[in-house]
Amino acid sequence: MSARSRVIVLVIALALGPLILPEFHITLLNYIGLYALVTLGLVLLTGVGGLTSFGQAAFVGVGAYTTAYLTTAEGLPGFVAWVGVSPWLTLPAAVLLTVVVAAMLGLITLRLSGHYLPLGTIAWGMSLYFLFGNLSFLGGHTGLTGIPSLNLFGMDLKDGRHFYYLIWVLVLGALWLSQNLLDSREGRAIRALKGGTVMAEAMGVDTARSKMVVFLVAAGYAALSGWLYAHLQRFVNPTPFGLHIGIEYLFMAVVGGAGNVWGALVGAGLITVLKQWLQDLLPRIFGASGNFEIIFFGLLMIFVLHRARDGLWPVVRRLFPAQAAAAGVVAAAPLPIREKPVAGTVLLDVRDAVKKFGGLTANNQMSLSVKAGEILALIGPNGAGKSTLFNLVTGVEPLTSGEVHFLGGRVDGKASREIARLGMSRTFQHVRLLATMSVLENVAIGAHLRGRQGVFAAAFHLERAEEERLLAEAARQVELVGLTEHLMDPVGSLALGQQRTVEIARALAADPSLLLLDEPAAGLRYLEKAALADLLRKLRDNGLGILLVEHDMDFVMGLADSVVVMEFGEKIAEGLPEEVQGNPDVIEAYLGGVD
Ligand code: ADP
Ligand code: MG
């Protein structure tokens, strides 16, 4: 069965549900739909973007309380009161207010790294919960009652069977939008967050923006769920918006499969049904009342984390194998290319660069320059400071002193992605790829700056023409480096040497004027090295400037136009390959102690 026909079967099954199922199951499915919306946001935020949030239930609360208050409060000033006339007007209000609250919290917390972000989400999750309970105009801990039911096309949605259709149309719509978003340039930028900010920024992704986008989308879904909940339940109090529910949502995302939008349905469905069942069963077994299911869930979570890291979605999918999607690159008009400097123009000019890490001077008074149409090799023993120089040039690390000029302008002090935009692109010594993404998609991240379509266009698939061009460009680069047979393979399944080559294709997809390669030949076999050397020569002859860090002397000597040798952070020699090769200092640095 193809993926499309599976979706059709699901939709038909959902549509028939209320006609055959008893009331109790409809109610359960309604709640599963509401939870799935929140979980879907968490799948995007946590599973895809790698940002853990325990505070999602609080956003559900903001959405629910917004509509509860606006539709029930008396004597609101006129400019607000009109919103409360119809729940359909409070929907945008609820989503907007939640997104504004999320934006403020996001500005503070998203910059936190490591464990601080989840801790931050716990803090706001608790604060908002207590706020709901302590504000008298929100009814304190008793909450607000008398929330009107929804009315659609003259039909009163008081009945759960009618409400069911509204919920599930919205859930399926949200799944569709989310899947579209992930399958786009913006989506790749969000997925790139998991590869680390350094990589994503080097490809021109504004990672702070991408984090905020996914954070606000998740908050928006939570608000929608809260709004629906308020009008389904017709009363609200703080209980369902507490931290423990926030943990439950996260749990649904992890169990379902935090990396795939369908995991949200699996997780929300499984946990809701299981909880219902255990709440009946366990007290009877233990002969006492209590929330025993929490213990069970804790154990389940540990089991999932040990045995099914990616949640249950991949397991579910294996039960219903779909035909592999056809390799999806169509011929498309090539992207516009950058106007390149003529051969011989100085591209990069590093002047007296110094970098100190505490007491260690990793780069001391380093100067070098690279011209268009030239391969400059930077060689030296391990720890000489070569990668550090790369990081100074590409804006990853600030200089202690000195200057970096690129295409005539100073770039030290600029952010990585601004330097990337000017036409500098790089690979990493320790590969930074997204292992589960295909070779094609990894390379397409490199073309990020060559597209401009945003989140809305992506969510509604209005950017297909640009997307096809971006993917076609990525496929072209994959072909150039000779990996077309692996185009659709997950990059993690390739040998390490091939992964380095994928990094070169990704860097080339940016259409750079200057290419920086950090040990690209490491892990390649003899013939692969020869092919790489041929490719680099061809690129050089087309006018690209290449700064090549390499350990393998033989590889460099047949290839480079000139060579700079580093040792202990300093330049010890520079010149034509054959000159440098005979330099006694260089021989000493490379062979010192061996002979
Ligand atoms: P190479 O790439 O030539 O092998 P590196 O530039 O990676 O050398 O490292 C040069 C020196 O700087 C090494 O001694 C390394 O331990 C040190 N170094 C590199 N990065 C950092 C860092 N972020 N913090 C502290 N020391 C560092
Ligand atoms: Mg290095």
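Residues numbered from 1 in each chain as written. Chains lettered and ligands numbered in written order. Predicted model: local features only at pLDDT ≥ 70, side-chain atom pairs only at ≥ 80, totals over all residues. Heavy atoms only, no water.

1. Quick look at the overall build of the protein chain
Argument step 1. Scanning the protein chain from N- to C-terminus turns up 24 helices and 12 strands.
Argument step 2. Its C-alpha atoms give the protein chain principal-axis dimensions of about 85 × 50 × 50 Å.
Argument step 3. Taking all 595 residues of the protein chain together, the buried fraction comes to 52%.
Argument step 4. Sequence separation of 24 or more characterises 74% of the internal contacts of the protein chain that already satisfy a separation of 6 or more. (Helix = DSSP H or I, 4+ residues; strand = E, 2+ residues; numbered from the N terminus. Buried < 20%, exposed > 50% of the residue type's maximum accessible area, 1.4 Å probe, protein only. Contact = heavy atoms within 4.5 Å.)

2. Here we look at the site of ligand 1
Argument step 1. Taken together, the residues surrounding ligand 1 are Phe 357, Leu 360, Ala 362, Pro 381, Asn 382, Gly 383, Ala 384, Gly 385, Lys 386, Ser 387, Thr 388 and Glu 397.
Argument step 2. In the model, an oxygen atom of ligand 1 is placed 2.9 Å from a nitrogen or oxygen of the Gly 385 main chain.
Argument step 3. Within the residue set of the shell around ligand 1, elements represented by two or more residues are β4 (360-371) and α15 (386-393).
Argument step 4. Ranked by the residues each element gives to the shell around ligand 1, the list is headed by α15, at three residues.
Argument step 5. Of the residues belonging to the shell around ligand 1, the class tally is five nonpolar, five polar and two charged. (Near = heavy atom within 4 Å. Polar contact = N/O pair within 3.5 Å; in protein donor to acceptor, adjacent residues only side chain to side chain. Nonpolar A, V, L, I, M, F, W, Y, C, P; charged D, E, K, R; others polar.)

3. As for the coordination of the magnesium ion (ligand 2)
In an ideal tetrahedron of four donors about a metal, each angle is 109.5 degrees. In an ideal octahedron of six donors, the angles are 90 or 180 degrees.
Argument step 1. Surrounding the magnesium ion (ligand 2) are the protein donor atoms Ser 387 (OG) and Gln 429 (OE1), which sit 2.1 Å from the metal. Of this pair, Ser 387 sits in helix α15 while Gln 429 sits in the loop between β8 (424-426) and α17 (439-446), placing them 42 residues apart in sequence.
Argument step 2. Taking the relative accessible area as the measure of exposure, Ser 387 reaches 23% and is therefore partly exposed.
Argument step 3. Residue Gln 429 is classed as partly exposed on the basis of its relative accessible area, which comes to 22%. (Donors = N, O, S within 2.8 Å, 3.2 Å for Na, K, Ca; no water.)

4. Examining the sheet that holds β4
Argument step 1. Judged by pairing direction, the sheet is antiparallel, and its four strands sit side by side in the order β4-β3-β6-β7 without closing on themselves. Strands with a single pairing partner mark the edges of an open sheet, and in this sheet they are β4 and β7 (409-410).
Argument step 2. With five bridges connecting them, strand β3 (residues 346-357) and strand β6 (residues 401-406) associate as antiparallel partners. Each bridged residue has a counterpart across the sheet, and for Arg 351 the counterpart in β6 is Glu 403. (Pairing = 2+ DSSP bridges.)

5. Focus on empty space enclosed by the protein
Argument step 1. Tallied over the full model, the rule gives three cavities of 30 Å³ or more.
Argument step 2. Here the largest cavity is characterised by a volume of approximately 70 Å³.
Argument step 3. Ala 202, Thr 394, Ser 416, Ile 419, Ala 420, Met 424, Ser 425 and Arg 426 are the residues that line the largest cavity.
Argument step 4. Broken down by secondary-structure element, the contributors of at least two residues to the lining of the largest cavity are α16 (416-422) and β8.
Argument step 5. Considering only enclosed or pocket space, the second largest cavity measures out at about 40 Å³ in volume.
Argument step 6. Lining the second largest cavity are Leu 44, Val 48, Leu 181, Leu 182, Ile 190, Val 214 and Val 217.
Argument step 7. Among the secondary structure elements, those contributing two or more residues to the lining of the second largest cavity are α2 (23-48), α7 (160-182) and α10 (207-233).
Argument step 8. Of the residues assigned to the lining of the second largest cavity, the class counts are seven nonpolar, no polar and no charged. (1 Å grid on protein atoms, 1.4 Å probe; cavity = no way out; pocket = protein on both sides within 12 Å on 5 of 7 lines; lining within 4 Å. Points joined across faces, edges and corners; volume = space filled by probe spheres on them.)

6. A short note on the environment of Leu 110
Argument step 1. Tracing the chain through its elements places Leu 110 in the loop between α5 (87-109) and α6 (116-134).
Argument step 2. With relative accessibility at 7%, the residue Leu 110 sits in the buried group.
Argument step 3. Counting along the chain gives 85 residues from Leu 110 to His 25, while the straight-line C-alpha distance between them is 39 Å.
Argument step 4. Ignoring any residue separated from it by four or fewer positions in sequence, one finds Leu 110 in contact with Leu 51, Leu 117, Lys 211, Met 212 and Phe 215.

7. Re the packing of aromatic side chains
Argument step 1. The final tally for this structure, using the stated rule, is 18 aromatic pairs.
Argument step 2. Considering the side-chain rings of Phe 59 and Phe 215, the 5.9 Å spacing of their centres and the 80 degrees angle between planes classify their relative orientation as edge-to-face. Of this pair, Phe 59 sits in helix α3 (residues 56-72) while Phe 215 sits in helix α10, and the two are 156 residues apart along the sequence.
Argument step 3. For Phe 59, a relative accessible area of 0% gives the class buried.
Argument step 4. Residue Phe 215 is classed as buried on the basis of its relative accessible area, which comes to 2%.
Argument step 5. Chaining the aromatic ring pairs together yields one cluster made of Tyr 31, Tyr 35, Tyr 65, Phe 132, Tyr 229, Phe 241 and Tyr 249. (Phe/Tyr/Trp six-rings, centres within 6.5 Å; stacked < 30°, edge-to-face > 60°.)

8. Details of the nonpolar core
Argument step 1. Phe 59, Leu 228 and Val 236 are the most contacted members of the largest nonpolar core, which totals 87 residues.
Argument step 2. Looking at this core, the element that brings in the most residues is α10, giving 15 residues.
Argument step 3. Those residues in contact with Leu 228 that lie beyond four places of it in its chain are Leu 34, Leu 37, Phe 163, Leu 166, Ile 167 and Leu 170.
Argument step 4. Of all hydrophobic cores here, the second largest spans 48 residues; its members include Leu 536, Leu 559, Ala 573 and Val 586. (Core = buried A, V, L, I, M, F, W, Y, C linked by side-chain atoms within 4.5 Å.)

9. Things to note about the domain arrangement of the protein chain
Argument step 1. As far as domains go, the protein chain holds domain 1 (28-319), domain 2 (342-423 + 512-595) and domain 3 (435-511).
Argument step 2. Between domain 1 and domain 2, the C-alpha centre-to-centre distance is 49 Å.
Argument step 3. With six residues of domain 1 at the contact, the number on the domain 2 side is four residues.
Argument step 4. The contact between domain 1 and domain 2 buries some 420 Å² in all, and 60% of this surface belongs to carbon and sulfur atoms.
Argument step 5. Taken together, domain 1 and domain 2 are joined by two salt bridges.
Argument step 6. A salt bridge links Glu 201 to Arg 417; its shortest N-O distance comes to 2.9 Å. (Domains from an automatic or database assignment. Buried area = accessible area lost by both parts, 1.4 Å probe. Salt bridge = Lys/Arg side-chain N within 4 Å of Asp/Glu carboxyl O.)

10. A closer look at the sheet that holds strand β12 (residues 570-575)
The strands that make up a sheet pair up through hydrogen bonds in the backbone, lying either parallel or antiparallel.
Argument step 1. Pairing in this open sheet of six strands is mixed, and the strands run β8-β9-β10-β5-β11-β12 from one edge to the other. Each edge of the open sheet carries a strand with a single partner, namely β8 and β12. Between one strand axis and the next, the sheet turns by 15 degrees as a mean value, whatever way the strands run.
Argument step 2. Taken together, the three bridges between β8 and strand β9 (residues 514-518) define a ladder with parallel strand orientation. The residue bridging Met 424 from the neighbouring strand is Leu 514, located in β9.
Argument step 3. Across the sheet, helix α20 (residues 496-508) is in contact with β8 and β9; its angle to β9 comes to roughly 165 degrees. (Axes fitted to C-alpha atoms, helices over the stretch in contact; angles between N-to-C directions.)

11. Observations regarding the pairing of β9
Argument step 1. Of all five residues making up β9, five are buried, and the element is well covered by its neighbours.
Argument step 2. One ladder, built from five bridges, connects β9 with strand β10 (residues 545-550); its direction is parallel. By the bridge assignment for β10, Leu 515 is matched with Ile 546.
Argument step 3. Regarding the hand of the β-α-β motif, the stretch spanning β9, helix α21 (residues 526-541) and β10 is right-handed. (Right-handed = clockwise from strand over helix to strand, strands pointing away.)

12. Notes on the side chain of Gln 499
Argument step 1. Here Gln 499 shows up in helix α20.
Argument step 2. Judged by relative accessible area, Gln 499 falls into the buried class, the value being 12%.
Argument step 3. If sequence neighbours within four positions are ignored, Gln 499 has contacts with Val 431, Leu 433, Val 491, Gly 492 and Leu 494.

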